[in-house]
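# Fold and geometry: a report
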Amino acid sequence: AGEPFTVAREGDVVVLGGRVSTGAESKVRLDLTEGTIVRLGAETEFTVETLTQDAADPFTRIQLLTGQLWVILNGGSLEVETSVAWPLCVAVTSA
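Notes on the structure in this doc start here. (Residues numbered from 1 in each chain as written. Predicted model: local features only at pLDDT ≥ 70, side-chain atom pairs only at ≥ 80, totals over all residues. Heavy atoms only, no water.)

## Observations concerning the overall build of the chain
Spelled out, the test is: Numbering of helices and strands starts at the N terminus; helices are DSSP runs of H or I of at least 4 residues and strands are runs of E of at least 2. Per-residue accessibility, obtained with a 1.4 Å probe over protein chains only, is compared with the maximum for each type, and a residue is labelled buried under 20%, exposed over 50%, and partly exposed between these values. It only takes one pair of heavy atoms within 4.5 Å for two residues to be counted as in contact. Using the Shrake-Rupley algorithm and a 1.4 Å probe, accessible areas are obtained, with residue cover drawn only from the displayed protein chains.
The number of helices and strands found in the chain is zero helices and seven strands. Counted from the first residue to the last, the chain has its helices and strands arranged as β-β-β-β-β-β-β. Residues classed as buried in the chain amount to 27% of the 95 residues present. Contacts spanning at least 24 positions in sequence make up 35% of the contacts within the chain whose residues lie at least 6 apart. Approximately 6,300 Å² of the chain is accessible, and the part contributed by carbon and sulfur atoms is 52%.

Here it is, written out as structure tokens:
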């Protein structure tokens, strides 16, 4: 079952293995260290699978469990793993 979720506050950090979940009436914006922006829609959940500290080529891998995810990729690379086809929305844009 894992650890219970806590309410996030501005400035909180999501670490390797960390999970993020939004409720029915919520959404969230995550700013990654290389400038990439990840937005989650309502009722979305994901886990951070990989975070590299390579400043020249940062890499993040997340596992999207359910919901909607939008990415503005401003540096490095981001990989989204999914295990379900529905309900799911992933959109990636390079800035």
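## Comments concerning the layout of surface pockets
As a reminder, the rule being used: Two kinds of site are reported from a 1 Å grid over the protein atoms alone, namely cavities, where a 1.4 Å probe fits but cannot get out, and pockets, open sets with protein on both sides within 12 Å along at least five of seven lines, and residues are called lining when an atom falls within 4 Å of a point. Grid points are joined across faces, edges and corners, and a volume is the space filled by probe spheres set on the points. Side-chain classes are defined by residue name, with Ala, Val, Leu, Ile, Met, Phe, Trp, Tyr, Cys and Pro counting as nonpolar, Asp, Glu, Lys and Arg as charged, and the others, Gly among them, as polar.
Empty space within the largest pocket amounts to approximately 1,100 Å³. When its residues are assigned to classes, the lining of the largest pocket shows 20 nonpolar, ten polar and nine charged.

## Looking at the pattern of salt bridges
Here is the rule: One speaks of a salt bridge when a side-chain nitrogen belonging to Lys or Arg is within 4 Å of a carboxyl oxygen belonging to Asp or Glu.
With the rule as written, the count across this model stands at four salt bridges. The partner of Arg 29 in a salt bridge is Asp 31, and the shortest N-O contact between them spans 2.8 Å. The partly exposed category is assigned to Arg 29, whose relative accessible area is 42%. Two residues, Arg 61 and Glu 79, come together in a salt bridge whose shortest N-O distance is 2.7 Å. A residue pair is termed long-range when its members are at least 10 positions apart, and Arg 61 in strand β5 (residues 59-73) and Glu 79 in strand β6 (residues 77-82) qualify at 18 residues. Residue classification places Arg 61 among the partly exposed residues on the basis of a relative accessible area of 23%.

## Overview of the side chain of Thr 22
Operational definition: By the criterion applied in these results, polar contacts are pairs of N or O atoms within 3.5 Å in which, for protein atoms, one can donate a hydrogen and the other can accept it, and in which residues neighboring in sequence qualify only through two side-chain atoms.
The topology assignment puts Thr 22 in the loop between β1 (19-21) and β2 (28-31). Judged by relative accessible area, which is 9%, Thr 22 ranks as buried. A polar contact is formed between the side chain of Thr 22 and the backbone oxygen of Gly 41, at a distance of 2.6 Å. Contacts of Thr 22, omitting those with residues within four sequence positions, involve Lys 27, Val 28, Leu 40, Gly 41, Ala 42, Glu 43 and Thr 44.

## Examining the pairing of β2
Using the following cut-off: In short, DSSP must find at least two bridges between two strands for them to pair.
Bridge analysis of β2 against strand β3 (residues 37-40) gives four bridges, and the strand direction is antiparallel. Of the residues in β3, the one forming a bridge with Arg 29 is Arg 39. Hairpin connection between β2 and β3: a loop of five residues separates the two successive antiparallel strands, and Gly 35 in this loop has a positive phi of roughly 105°.

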